[in-house]
Amino acid sequence: MTQQDDNLLGNYLRERRQRLDAGKLGYPLLRRRTPGLRREEVAVRACVSTTWYTWLEQGRGGAPSEEVLERLSKALELSAAERDHLFLLAQNRLPGVTWQAGVDVSPSLQRVLDSMTHTPALVKTAEWQVVAWNHAATKVFVDYAQLPPEQRNILLMMFSNEDMKKRLPDWHQVTRNMVANFRADVARTGASEHVRALVEELSAMSETFRLLWQSQEVSQHGEGIKQLWLPDEGVLELEYSTFAVEGKPGLSLVVFNPRLPRDRETVERLMARP
């Protein structure tokens with residue numbers, strides 16, 4: 001293997017540098033012998049010395065710090081996936097979690113939800129705020145469109161609504177798992193500071209939540225069975241599965257599939273009601 005083949009980080013930096021459009025970034029295009037930005041231009045954008053950046057591309061600059069890698073990512077306009085790859089090459093690990101507040105649901109994802117005509121499904125944030133849903137979810141759970149946005153939080157509904165205890169045969173176990181999952185989501189997405197107000201509100205509202213939160217339990221139940229008691233139908237069983245939304249680490253897609261044929265018939269009856 002040649003020295004050039006060994007220099008994976010330097011090769012990656014050079015390739016990313018050369019693909020940048022100097023004109024679009026406001027740099028003069030005259031007297032450029034190679035495409036992209038010059039080394040000194042990237043160095044200025046990343047707030048590092050030209051000599052050190054040159055050494056880094058040549059494979060002799062030493063291991064860059066996380067802070068420098070973040071600046072290089074921005075200077076080279078790397079995507080999230082490219083940023084991850086840069087950290088893997090430089091430090092053999094993924095970058096630390098950075099909170100992303102984005103809650104936008106793309107039209108294509110909404111169409112995926114709508115295509116599941118008899119399968120309740122929703123998209124939630126790391127704060128467990130419901131930001132998208134399909135028609136089946138409004139019939140089985142709640143019509144989220146009729147709620148103010150600030151009330152579309154699953155945790156708030158779970159701990160403030162007494163009807164929820166009646167609808168969930170195993171409410172205490174469900175809430176225990178839910179809070180443990182919530183804590184895992186907060187840690188995974190770096191949302192600790194951003195959920196502080198929500199945790200304080202829930203703790204003041206519910207002694208059960210306060211004790212569960214203080215227990216420090218962390219778990220992830222990405223799959224399982226949810227039981228709902230419906231006044232006119234009895235117990236409805238749904239198998240739920242949770243999926244990450246690509247490019248939106250704060251969002252999760254949760255699909256609730258009727259477990260047995262009788263459960264699907266129940267959902268179909270609910271869907272037929274006005």
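Reference entry: report on the structure contained in this document. (Residues numbered from 1 in each chain as written. Predicted model: local features only at pLDDT ≥ 70, side-chain atom pairs only at ≥ 80, totals over all residues. Heavy atoms only, no water.)

### Section: the packing of aromatic side chains
Move 1: Inspection of every chain in the model, using the stated rule, returns 7 aromatic pairs.
Move 2: Measuring from ring centre to ring centre gives 5.4 Å for Trp133 and Tyr144, while their planes differ by 45°; the resulting arrangement is tilted. Remark: Tyr144 occurs in the loop between helix H8 (135–140) and helix H9 (154–160) and Trp133 occurs in strand S2 (residues 130–133); sequence separation between them is 11 residues. Pair check on accessibility: Trp133 and Tyr144 agree, each one buried.
Move 3: When the ring of Tyr240 is compared with that of Phe256, the centres are 6.3 Å apart and the planes differ by 50°; the resulting orientation is tilted. Of the two residues, Tyr240 sits in strand S4 (residues 234–245) while Phe256 sits in strand S5 (residues 248–258), which places them 16 residues apart along the sequence.
Move 4: Put simply, the rings of Phe159, Trp171, Phe182, Phe209 and Trp213 pair up and form one aromatic cluster. (Phe/Tyr/Trp six-rings, centres within 6.5 Å; stacked < 30°, edge-to-face > 60°. Helix = DSSP H or I, 4+ residues; strand = E, 2+ residues; numbered from the N terminus. Buried < 20%, exposed > 50% of the residue type's maximum accessible area, 1.4 Å probe, protein only.)

### Topic: the sheet that holds strand S1 (residues 121–124)
Move 1: One open sheet holds the 5 strands; their spatial order is S2-S1-S5-S4-S3, and the pairing between them is antiparallel. The sheet is open, and its two edges are formed by S2 and strand S3 (223–230), each paired on a single side. Adjacent strand axes in the sheet meet at a mean angle of 30°, parallel and antiparallel pairs treated alike.
Move 2: Taken together, the 8 bridges between S4 and S5 define a ladder with antiparallel strand orientation. Along S5, the bridge assignment pairs Phe243 with Leu253.
Move 3: Running at roughly 90° to S4, helix H14 (residues 261–272) makes contact with S3, S4 and S5 of the sheet. (Pairing = 2+ DSSP bridges. Axes fitted to C-alpha atoms, helices over the stretch in contact; angles between N-to-C directions. Contact = heavy atoms within 4.5 Å.)

### Regarding helix H3 (residues 39–46)
Move 1: Of all the positions in H3, only Glu41, Val42, Ala43 and Ala46 are classed as buried.
Move 2: Of the surrounding secondary structure, the elements contacted by the buried residues of H3 are helix H2 (8–19), helix H4 (50–58) and helix H5 (66–75).
Move 3: Count one or two residues on from H3 and you reach Cys47, which has phi positive near 60°.

This is a description of form; function is not addressed.
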